[in-house]
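Overview (structure and organization)
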Amino acid sequence: MRLFDLVRSAYSGLDIQELALDEMIRLQGLFDSHVTLGVPAGLEVVYLRVLEPSRSMGGVQRSGMREPVHCSASGKALLAFLPPLILDAKLNDYDFERFTERTITKRADFEAELQQVRDKGFGCNDREEYDHFLGISAPIFDYLGEPIAVLNLWSTHPRHKIKDLIDWSVELKASANRVTDLIGGISPKNPQPS
């Protein structure tokens with residue numbers, strides 16, 4: 001709960017959950033998909049708010065759940081835009097634990113993936129933590145142009161394939177950019193090299 005309070009007061013009393021809610025509802029209406037708002041917590045992502053689709057599996061993900069950064073679209077979106085020295089410190093001695101046969105388990109491969117996230121503006125998870133979950137995440141930036149949160153769309157395989165979700169990325173990035181604007185943030189103009 002302290003993390004929730006910290007996020008709530010981080011921007012002069014602005015609550016990022018409240019500010020992001022309209023965009024989360026918009027995305028849910030467009031794609032009838034799970035929509036989450038996540039923030040970094042060490043080497044994990046914590047989800048603050050979760051919206052379920054009309055055809056929900058019921059309580060699969062809930063507020064307060066955590067995911068490792070290396071096998072989640074949200075973690076990739078949060079790490080990709082960090083300053084290089086901070087990213088290097090986070091990845092130093094990081095345990096790239098294998099969860100499925102698709103999990104990235106080598107730092108060099110993960111850094112290449114982060115470069116793709118910077119190039120596209122969003123992260124992907126194609127069944128890397130669980131064999132049947134896939135998602136995309138776009139970062140929300142603070143006034144320094146650093147990622148402080150993510151909007152995430154996720155679904156299940158075989159209901160959707162990663163290409164379906166990638167097709168949704170334009171709307172996801174537009175929503176993340178609107179939330180960035182609402183909190184007085186700025187999107188980085190020149191993504192950092194890996």
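Residues numbered from 1 in each chain as written. Predicted model: local features only at pLDDT ≥ 70, side-chain atom pairs only at ≥ 80, totals over all residues. Heavy atoms only, no water.

Residue placement: T103 occurs in the loop between α4 (84-91) and α5 (107-120). Residue class for T103 comes out buried when judged on its relative accessible area of 5%. A distance of 2.9 Å separates a polar atom in the side chain of T103 from the backbone nitrogen of T100. Only 2.4 Å separates the side chain of T103 from the backbone oxygen of E128, close enough to count as a polar contact. Among residues more than four places away in sequence, those in contact with T103 are H70, C71, E97, R98 and E128. (Helix = DSSP H or I, 4+ residues; strand = E, 2+ residues; numbered from the N terminus. Buried < 20%, exposed > 50% of the residue type's maximum accessible area, 1.4 Å probe, protein only. Polar contact = N/O pair within 3.5 Å; in protein donor to acceptor, adjacent residues only side chain to side chain. Contact = heavy atoms within 4.5 Å.)

Burial along strand β4 (residues 123-126) is two-sided: G123 and N125 and C124 and D126, pointing in opposite directions, are all buried. The turn linking β4 back onto strand β5 (residues 133-141) is made up of six residues, and R127 within it adopts a positive phi angle of 60°. (Pairing = 2+ DSSP bridges.)

By the secondary structure assignment, V69 is in the loop between β3 (66-68) and α3 (73-80). On a C-alpha basis, the gap between V69 and P40 in space is 8.6 Å, while along the polypeptide they are 29 residues apart. Discounting residues that sit within four places of it in the chain, V69 has contacts with L43, E44, V45, G75, K76, L79, Y94 and F110.

Close reading of the predicted structure is inappropriate where its pLDDT is low. Confidence in the prediction for the chain averages 87 pLDDT; 85% of positions are at 70 or higher. In the predicted structure, residues 190-194 sits below a pLDDT of 50 and forms twelve contacts with residues beyond four places in sequence or in another chain. (pLDDT = per-residue confidence, 0-100.)

With that out of the way, let us pick up the packing of aromatic side chains. Aromatic rings considered in pairs are described by the distance between their centres and by the relative angle of their planes. Counting across every chain of the model gives six aromatic pairs. Each ring, one from F81 and one from F141, has its centre 5.3 Å from the other, and the planes form 90°; the classification is edge-to-face. Here F141 lies in strand β5 and F81 lies in the loop between α3 and α4, a separation of 60 residues in the sequence. For the pair shown, F81 and F141 are each scored as buried. Taking 4.9 Å as the distance between ring centres and 70° as the angle between the ring planes, the aromatic pair formed by F133 and W154 counts as edge-to-face. Taken as a pair, F133 in strand β5 and W154 in strand β6 (residues 147-156) lie far apart in primary sequence, 21 residues in all. Each member of the pair F133 and W154 is classed as buried. (Phe/Tyr/Trp six-rings, centres within 6.5 Å; stacked < 30°, edge-to-face > 60°.)

Before going further, it helps to spend a moment on the packing of α3 against α5. Two packed helices can be described by the angle between their axes and the distance between those axes. Following both chains from N to C, one finds α3 and α5 inclined at 80°, their axes separated by 9 Å at the closest point. On the basis of their axis angle, the class for α3 and α5 is roughly perpendicular. Within the contact between the two elements, α3 uses K76, A77, L79 and A80 and α5 uses F110, E113, L114, V117 and R118. (Axes fitted to C-alpha atoms, helices over the stretch in contact; angles between N-to-C directions. Parallel < 35°, antiparallel > 145°, perpendicular 65-115°, else oblique.)

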